[in-house]
Amino acid sequence: MDRVASILAQNGLNFKLREGYSAETSGGLMVCLPRDKAEAFCAEIEAIDGVPAWIIGEVIIGDRTAQIIPEAAVININNSAI
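Residues numbered from 1 in each chain as written. Predicted model: local features only at pLDDT ≥ 70, side-chain atom pairs only at ≥ 80, totals over all residues. Heavy atoms only, no water.

Asker: Explain the overall build of the chain to me, and be specific about the residues and the numbers.
Answerer: A count of helices and strands for the chain gives two helices and zero strands. Buried residues in the chain amount to 6% of all 82 residues. When contacts within the chain are restricted to residue pairs at least 6 apart in sequence, long-range pairs at least 24 apart make up 42% of them. (Helix = DSSP H or I, 4+ residues; strand = E, 2+ residues; numbered from the N terminus. Buried < 20%, exposed > 50% of the residue type's maximum accessible area, 1.4 Å probe, protein only. Contact = heavy atoms within 4.5 Å.)

In structure tokens form, the structure reads like this:
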């Protein structure tokens, strides 16, 4: 995923990565936890496995739709352990 958004833009391609529609199959694991448990879980994963975990969003009461906020950041991870 490193630099994917900028490479796609340079080539005039749009896989809707920033819109949340791109199917990425990197083998990651998504876990849903209560907010008060999430930070401790991320710290424990890093302590046990030596690789970081991130809080990537939140579930809120709404109209059962998903959205990515306009100011969402793309985080490039360069870690050989991942």
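Asker: Got a sec to walk through helix H2 (residues 35-49)? Specific residues and values, please.
Answerer: Over its 15 residues, H2 extends 22 Å from the first C-alpha to the last, a length consistent with the 21 Å expected when each residue adds 1.5 Å. Note on H2: the residue one or two positions beyond its end, Gly50, has a positive phi of about 80 degrees. (Expected span 1.5 Å × (residues − 1).)

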